[in-house]
Amino acid sequence: MDEYLRNRFRILGVCAVIVLTVFCICLLFLQLREKKNTSMKLRSFYSDMVQALLISKNTNGTPGEWGFKPGYKNVELLNNNLFNYLKVQENCSSHPGHCIPNLSYKSIKDKDTNVNLYKFPSVKLANGIAFAVETIGLCKKHNDLCALIYVDLNSVEAPNIFGKDMFVFAIINNGTVAFVPYNDDKDIDYLKNDINYGCNKKSKIAMNCAALIKNSNWQINASYPW
């Protein structure tokens, strides 16, 4: 191989390295931007829900006074005590599928879970975020769990994965802060490593991710299982 061809191959090799480097930098930038947008949306949703429940309390009392019935959808109760205090673009409680998709959400490792929220009361907010509500208990005692809130930052759009666009919060019977991330009272080690709900790639359903992000000052850091 003469010197000319060797130089051409060297130039092509340098160009390939440059292109690959630029591609990796762009990919990293897009991922960082996606993480930031996710954390900002999640923090905004949390703030809006806390405020809505505080305003609702003035008229309806704490969630424990609303009259939750376990095993029922409690659609009218949710309309009157929660949805009416939010900027709702579409109420899907009577026509499922428009706000939350009819499918099983995936784990962080892209495996199907048994979580399908299609039939739960749900709404889509003016900012495009949607959430569904699962009633859990009577929630009569202080800090009792009333309902789980499954929030999909993209509504029906992909990826529909726990920890990426699907996050879990809870309504509790508390007169001060009635809205918290699921398992917010647990320590960081549990939030990360629990085999069932931990925010990691091996857990069955990563329901702890909202609590982990909140307890990381609403940041998605490098160790987050994106």
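What you see is a predicted model; the values in this text were computed from it and never measured.

Peer 1: So what exactly am I meant to see when it comes to the overall build of the protein here?
Peer 2: When helices and strands are tallied, the protein shows 4 helices and 6 strands. Looking at the protein residue by residue over its 226 residues, the buried ones come to 44%. For the protein, the computed accessible surface area is about 12300 Å², with 55% contributed by carbon and sulfur atoms.

Peer 1: Honestly, empty space enclosed by the protein in this entry has me stumped. Any pointers?
Peer 2: If a probe as big as a water molecule is rolled over the atoms, it shows which places are left empty. Inspection of the entire model under this criterion finds 1 cavity of 30 Å³ or more. In this structure, the largest cavity encloses a volume near 50 Å³. Class assignment of the residues belonging to the lining of the largest cavity gives a composition of 6 nonpolar, 4 polar and 1 charged.

Peer 1: Looking at this structure, I do not really get the packing of aromatic side chains. What am I missing?
Peer 2: The geometry of an aromatic ring pair is captured by two quantities: the separation of the ring centres and the angle between the planes. This model, assessed by the stated rule, comprises 12 aromatic pairs. Geometrically, the ring pair formed by tyrosine 105 and phenylalanine 162 is edge-to-face, given 6.1 Å between the ring centres and 65° between the ring planes. Residue tyrosine 105 is located in the loop between β1 (88-91) and β2 (122-125), and its partner phenylalanine 162 is located in the loop between β4 (145-152) and β5 (166-172); the two are separated by 57 residues in the primary sequence. Residue classification places phenylalanine 162 among the buried positions, given a relative accessible area of 0%.

Peer 1: What am I meant to see in the environment of isoleucine 149 here?
Peer 2: With respect to the helices and strands, isoleucine 149 occurs in strand β4. Take isoleucine 149: its relative accessible area is 0%, and that puts it in the buried class. Put simply, isoleucine 149 and valine 168 are 19 residues apart on the chain and 5.7 Å apart in space, counted from C-alpha to C-alpha. Non-local contacts of isoleucine 149, meaning those with residues more than four positions away in its chain, are made with Phe45, Phe131, Ala132, Val133, Phe167, Val168, Phe169, Ala170, Ile171 and Phe179.

Peer 1: So what exactly am I meant to see when it comes to the nonpolar core here?
Peer 2: Soluble globular proteins: nonpolar side chains tend toward being buried together. Counting residues in hydrophobic clusters, the biggest one holds 62 residues, and the most contacted among them are Phe45, Phe131, Phe167, Phe169 and Phe179. Broken down by secondary-structure element, the contributors of at least two residues to this core are α1 (3-60), α2 (75-81), β2, β3 (130-135), β4, β5, β6 (179-181) and α4 (209-214). The contact partners of phenylalanine 179, leaving out residues within four places of it in the chain, are Phe45, Tyr46, Met49, Val50, Leu53, Ile149, Phe169, Ala170 and Ile171.

Peer 1: Would you mind showing me how to read the sheet that holds β4 here?
Peer 2: Adjacent strands of a sheet form backbone hydrogen bonds with each other and so pair up, either parallel or antiparallel. Strands sit in the order β1-β2-β3-β4-β5-β6 across an open sheet of 6 strands; the sheet is antiparallel. A single partner strand is all that each edge strand has here, and the edge strands are β1 and β6. Averaged over all pairs of adjacent strands, the angle between their axes in this sheet comes to 30°, without regard to strand direction. Taken together, the 3 bridges between β2 and β3 define a ladder with antiparallel strand orientation.

Peer 1: Sorry if this is basic, but what is going on with the layout of surface pockets here?
Peer 2: In this structure, the largest pocket occupies an estimated 220 Å³ of space. Forming the boundary of the largest pocket are Asn143, Leu145, Ala170, Ile172, Asn174, Val180, Pro181, Tyr182, Asn183, Asp184 and Asp185. When contributions to the lining of the largest pocket are tallied by element, the ones reaching two or more residues are β5 and β6.

Peer 1: It is not clear to me how the pattern of salt bridges should be interpreted in this structure. Could you clarify?
Peer 2: Close approach of charged atoms allows side chains with opposite charge to pair. Using the criterion set out here, one finds 3 salt bridges in the structure. Between lysine 214 and aspartate 184 there is a salt bridge; the shortest N-O distance is 3.5 Å. Separated by 30 residues along the polypeptide, lysine 214 in helix α4 and aspartate 184 in the loop between β6 and α3 (188-193) bring together distant segments of the chain. By relative accessible area, lysine 214 is classed as partly exposed at 23%.

Peer 1: It is not clear to me how the state of the cysteines should be interpreted in this structure. Could you clarify?
Peer 2: As used here, a disulfide is simply a covalent bond connecting the sulfur atoms of two cysteines. This model, assessed by the stated rule, comprises 3 disulfides. With a sulfur-sulfur separation of 1.9 Å, cysteine 92 is cross-linked through a disulfide to cysteine 99. Taking the torsion about the sulfur-sulfur bond, which here is approximately 70°, the covalent link between cysteine 92 and cysteine 99 counts as right-handed. For cysteine 92, a relative accessible area of 0% corresponds to the buried category. Between the sulfur atoms of cysteine 199 and its disulfide partner cysteine 209 the distance amounts to 2.1 Å. Disulfide cysteine 199 to cysteine 209: torsion about the S-S bond roughly 100°, handedness right-handed.

Conventions adopted
Residues numbered from 1 in each chain as written. Predicted model: local features only at pLDDT ≥ 70, side-chain atom pairs only at ≥ 80, totals over all residues. Heavy atoms only, no water. Helix = DSSP H or I, 4+ residues; strand = E, 2+ residues; numbered from the N terminus. Buried < 20%, exposed > 50% of the residue type's maximum accessible area, 1.4 Å probe, protein only. Areas by Shrake-Rupley, 256 points an atom, 1.4 Å probe, with all protein chains shown as cover. 1 Å grid on protein atoms, 1.4 Å probe; cavity = no way out; pocket = protein on both sides within 12 Å on 5 of 7 lines; lining within 4 Å. Points joined across faces, edges and corners; volume = space filled by probe spheres on them. Nonpolar A, V, L, I, M, F, W, Y, C, P; charged D, E, K, R; others polar. Phe/Tyr/Trp six-rings, centres within 6.5 Å; stacked < 30°, edge-to-face > 60°. Contact = heavy atoms within 4.5 Å. Core = buried A, V, L, I, M, F, W, Y, C linked by side-chain atoms within 4.5 Å. Pairing = 2+ DSSP bridges. Axes fitted to C-alpha atoms, helices over the stretch in contact; angles between N-to-C directions. Salt bridge = Lys/Arg side-chain N within 4 Å of Asp/Glu carboxyl O. Disulfide = S-S within 2.5 Å.

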